Amino acid sequence: MKSISRVSSAPILSALLIVALIFSSCVSTEPRQAEEAAQDSEIALSGQLSREPQAMNGTKPAKEINSAGMDYETLTRRAKESLELNRLSEGIRYYVAAMARAHKAGDKAALDSISDTLNELAGRITLEPHESWIAGDGTQIVADIRAAAKGQGPMPAVYLYESYGSAKSPVGDAVIRFVAEDNGATLSPAVSTDGKGLANASISAIARLDLPLTVRAYPVFSAEGYSFALKAIFRDFSYAPPPRVAFVAGIERTSLGTRDAASSLDGVAKALKAYGFESLPYNGILAPERFMAAYGGERASISALAGDGKPGYYALLLVEVNPPSQMQYQGKVYNIYLADSSFSLRILRPDGSLVYAEARQGLRGQGGSERAAIDDALAKAREALAAALGESGSKIQAALAD
């Protein structure tokens, strides 16, 4: 998920979000042609939807220009003067105000002229990520979505620059719009840039933590209720969920000793595959003490289990069988042995936090010997585990999304 920042070669005017004309005074109730009425309705609707949020950087919004009483020529002259003084944001806002005049007057030639000018200005504007998003090799990182949901890790932050060949200068007093894509999120919708051209947003909530999130930033310039959104100039910030790779390990504890739960883990791996997981089985001799520490959520022990692997989750299974007892009925002892088993499956994150747990007890097995009873109890545990996982798909998926 590589972030990009570019300027479209298509006319930016087509990407503008412009607030509609607000009609005042009395409107004739005489019928109008359906096409004209539909056009007016569409303009009004798109105008309402195109209003950009006020900047929310905790200090003050972008400065308003004083365009009251100015005609088109005056506004364009003020725009050029602002640009000559290296006040890019102010100059563009004057052009937006001039565009408002031209739009109200129905002056297409003036609109085209402003569009050409803004296209030229847009070609000099770039958005660059904050240093916190740059890896050691110079590429932009992909952040952890779970950390972002807790307000941790890098938050979306960009520098707005005006470039002059090999040189560039920061653009302050401009509004950067932040929009969540590919997922739902609550974040600062619009932030004004400071003297260094920096604007940073804050994420307070993310809809689903099992899906990627992209936050797009682009500049917006507003005047007189009109908004000029340079959507072709953007910077994306990517947040990724943990990989759907589950490290699978487990042990079986019986009166005959402790061993790896290889046969039971086959069912776990199969069930997880149905939920979109790739399973990474434990390879080696599993020390019970290390396993139980990881099973209990100890972070260092969890990490040690996977070695060089980088799973997003750990599926740890504990199966236990009580010592078998010989069946007795009305004082008579039968050559039948009974053994009760239980299982507990925990799906953990690398930090030891619990994603999902499934457990069953009192799973009775029987046989003509102690070993036969133990083997049957283990078989009963495997059957109950497979059934439980087959019924818990929606619960597991919901747990992954939280």
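Residues numbered from 1 in each chain as written. Predicted model: local features only at pLDDT ≥ 70, side-chain atom pairs only at ≥ 80, totals over all residues. Heavy atoms only, no water.

**Details of helix α10 (residues 393–401)**
Since the α-helix packs 3.6 residues into each turn, any two residues three or four apart lie on the same face.
At step 1: Of the positions making up α10, those classed as buried are G393, I396, A399, L400 and A401.
At step 2: Packing partners of the buried residues in α10 comprise β16 (313–321), β19 (354–367) and α9 (370–391). (Buried < 20%, exposed > 50% of the residue type's maximum accessible area, 1.4 Å probe, protein only. Helix = DSSP H or I, 4+ residues; strand = E, 2+ residues; numbered from the N terminus. Contact = heavy atoms within 4.5 Å.)

**Some thoughts on the pairing of strand β13 (residues 245–254)**
At step 1: Of all the 10 residues making up β13, nine are buried; the element is thus mostly covered by neighbouring parts of the structure.
At step 2: Examined bridge by bridge, β13 and strand β15 (residues 278–281) share four bridges and lie parallel to one another. Looking at β15, one finds that V248 is bridged to P281.
At step 3: Alignment of β13 against β16, held across eight bridges, turns out to be parallel. What sits directly across from V248, in β16, is A315.
At step 4: Remark: two residues form the turn of the hairpin made by β13 and strand β14 (residues 257–260), two consecutive strands paired antiparallel. (Pairing = 2+ DSSP bridges.)

**Notes on the confidence of the model for the protein**
At step 1: Put simply, the protein has an average pLDDT of 83, and 84% of its residues get 70 or more.
At step 2: The secondary-structure element of the protein with the lowest mean pLDDT is helix α1 (residues 34–49), recorded at 28, while strand β12 (residues 235–240) shows the highest, at 97.
At step 3: This stretch, residues 1–51, has a pLDDT under 50; its non-local contacts, to residues over four places away or in other chains, come to 66 contacts. (pLDDT = per-residue confidence, 0-100.)

**Some points on the pattern of salt bridges**
At step 1: Evaluation of the coordinates by the stated rule reveals 17 salt bridges.
At step 2: We note a salt bridge from R93 to D173, for which the minimum N-O separation is 2.8 Å. Placement of R93 in helix α3 (residues 88–105) and of D173 in the loop between β4 (167–170) and β5 (175–181) is noted, with a sequence separation of 80 residues between them.
At step 3: Note that E358 and R360 form a salt bridge whose closest N and O atoms lie 2.7 Å from each other.
At step 4: By relative accessible area, which is 9% here, E358 ends up buried.
At step 5: Where salt bridges share partners, they join E120, R124 and E162 into one cluster. (Salt bridge = Lys/Arg side-chain N within 4 Å of Asp/Glu carboxyl O.)

**Structural notes on the packing of aromatic side chains**
At step 1: Taken as a whole, this structure holds seven aromatic pairs when the rule is applied.
At step 2: Taking the centre distance of 5.9 Å and the plane angle of 25° together, the rings of Y159 and Y161 count as stacked.
At step 3: The buried category is assigned to Y159, whose relative accessible area is 11%.
At step 4: Taking the relative accessible area as the measure of exposure, Y161 reaches 14% and is therefore buried.
At step 5: Between F277 and Y313 the ring centres are 5.4 Å apart and the planes differ by 80°, which places this aromatic pair in the edge-to-face class. With F277 in the loop between α6 (262–274) and β15 and Y313 in strand β16, the pair connects residues that are 36 residues apart, well separated along the chain. Each member of the pair, F277 as well as Y313, carries the same accessibility label: buried.
At step 6: The aromatic ring of Y161 is capped on one face by K168, whose charged end is 4.3 Å from the ring centroid.
At step 7: Lying over the aromatic face of F234, R216 brings its terminal NZ or CZ to 3.7 Å of the ring centre. (Phe/Tyr/Trp six-rings, centres within 6.5 Å; stacked < 30°, edge-to-face > 60°. Lys NZ or Arg CZ within 6 Å of the ring centre and 35° of its normal.)

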